[in-house]
Structures are given as structure tokens and as C-alpha cells.
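# Residue-level structure breakdown
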Amino acid sequence: MKEFEVSITETLQKTVTVEADSREEAERMAEDMWRDEDIVLDAEDFTGVEFAGNDGKEVEKEASKSIDVLLVEPGQYAKMTAIGSDLKSMQETVGGSIEAAYFFDEPVALVCNEDGKNIGLPLNRAVRDDTGDIMDIIAGKFFVCGLSEDNFGSLPEKLQEKFTSMFKRPETFLKMGQKILAIPTDPIKPTAKKEKQAPGAEL
């Protein structure tokens, strides 16, 4: 893609009648009247417009700046990692459209999949208030990041330990009557795939 500069020139024209001894004097008198704003050209005097562009130049795409966030995945320990600060990178991180929640007093955002619960993503972590009661349960992957002036930014170093500790261990959820319990668990270990035996191979 290129970037072009286009000049737009509008032409206004009006004919006036002046009495003079020569054409040069008449032109000078008309110019003086125009400068003194005795003659004013407006939209009714419009006669045309011209557009002239240059050859253009290639536009360099700005590389996506990376930010340090706390990534929290279902069944895994929370960990600090770097992701792109652009919208596409954030959507890829959570697996869909993003939604930001501001549960905490600190200048941070919890960014998750907007449709996580509706599409049945696995429940991930509980978010608790100051008394330990569950305020919400996040479904699917999410990350905790800092807040810059007008966008998301890196999670400040002084807050990394606090939020890593808060979301460190995976959780499983049990419903007891009207109450939901969030129980810390160990990370889910990846299962090794069994190799298929060739037909006729001995056991």
C-alpha cells in the first residue's frame, strides 16, 4: 500500500465592470477592490476544481509492540509472557473477541473471551472480592495486563507477584446447593499419545 499527497485546487471567477483609461489600469483597480474586499468571490462564482496527486510512497507498517502480561489457562499454572499489543494478537491469546473487566483497585485489566461462557469454554479461575467470596468465574484463557493512558500495557513489575499468586494454581469447581466452590488443583499433565501398532504385530 502507498501513501499519496493530493492537491485540490478550486477555481472561482467573477467578471466586474470598471471605468479606466487602459486595460492595465482596469486590472489594477479591480485588484485593489478585491484586496479591499469590495469584491468578494463566493460559491456562486465557482467554475471548477482540479485534483493532482504525486507518485506516492510505500507505507511502512508499524510493528506490533509487545507487552508483558500474566497468562492464565485452564488446568495450568499462571505465567508471565509477552504478547502483541494489537487487537489481533489479544484475540488470538484468548481465542476470540476480547472483553476487559476491571475487578481490582489497581490499574490493571482482566482480558478474557467475550463469549467464553456462552460457547462452553472450560471454567478457568474464580475472581474473589476482599472477603474471599466469588464475584465471577472466568471461562477460557485470559490475561491480566496493565493500563496505559489510552490502551492496554504491560503488567507493572510491582504487581506481577501479587496477581501471579492470586491466579497461580488451576481450579476446579463444585456446586454445593446454591453455592459454587473453587478448589485449587494441580496442573493437568499432557497425555502421551499411544503409538499405533502395525497390522499383525505381536503383542
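Numbers given for residues are sequential positions, taken from 1 along each chain in its written order. Where totals are concerned, whole chains, interfaces and linings use all residues; where local detail is concerned, this predicted model gives features only for residues with pLDDT of at least 70, and gives and counts side-chain atom pairs only at 80 or more. Each side-chain value is worked out from all heavy atoms of the structure, with water and hydrogens disregarded.

This part is about the pattern of salt bridges. Basic side-chain nitrogens of Lys or Arg form a salt bridge, by our definition, when they fall within 4 Å of a carboxyl oxygen of Asp or Glu. All chains considered together, the criterion is met by 7 salt bridges. Taking the shortest distance from any N to any O, the salt bridge between Arg169 and Asp186 comes out at 3.4 Å. On the criterion of sequence distance, the pair formed by Arg169 in the loop between α3 (157-167) and β13 (171-176) and Asp186 in the segment after β14 (179-184) is long-range, its members being 17 residues apart. Think of it in three bands: residues with accessible area under 20% of the maximum for their type are buried, residues over 50% are exposed, and the middle band is partly exposed, with areas taken using a 1.4 Å probe on protein chains only. Exposure remark for Asp186: the relative accessible area of 55% places this residue in the exposed category. Strands here are runs of E lasting at least two residues and helices are runs of H or I lasting at least four, both read from the DSSP assignment and numbered beginning at the N terminus.

This next bit is on helix α1 (residues 23-35). Expected span of a helix: the number of residues minus one, times 1.5 Å. Between the first and last C-alpha of α1 there are 18 Å, a value that for 13 residues agrees with the 18 Å anticipated at 1.5 Å per step. In the stretch just after α1, Glu37 is the one whose phi turns positive, near 65°.

The next thing to look at is a negative patch on the surface. Every patch collects residues that have over 30% relative accessible area and no salt bridge, joining them within 9 Å if they carry like charges and within 5 Å if they are nonpolar side chains (Val, Leu, Ile, Met, Phe, Trp, Tyr). Note on areas: these come from Shrake-Rupley sampling with a 1.4 Å probe, and a residue is covered only by the protein chains present in the view. A residue counts as positive if it is Lys or Arg and as negative if it is Asp or Glu; His and the chain ends are not included. For this purpose, a charge sits on NZ of Lys, CZ of Arg, CG of Asp or CD of Glu. Taken together, the side chains of Asp32, Asp36, Glu37 and Asp38 define an acidic patch exposed on the protein surface. Topologically, Asp32 is positioned in helix α1.

Okay, a nonpolar patch on the surface next. On the surface, Phe4, Val6, Ile8, Leu12, Phe46, Val49 and Phe51 cluster together into a nonpolar patch covering about 680 Å² of accessible area. Taken together, the elements giving at least two residues each to the nonpolar patch come down to β2 (6-12) and β3 (46-53). Its place among the elements puts Phe4 in the loop between β1 (2-3) and β2.

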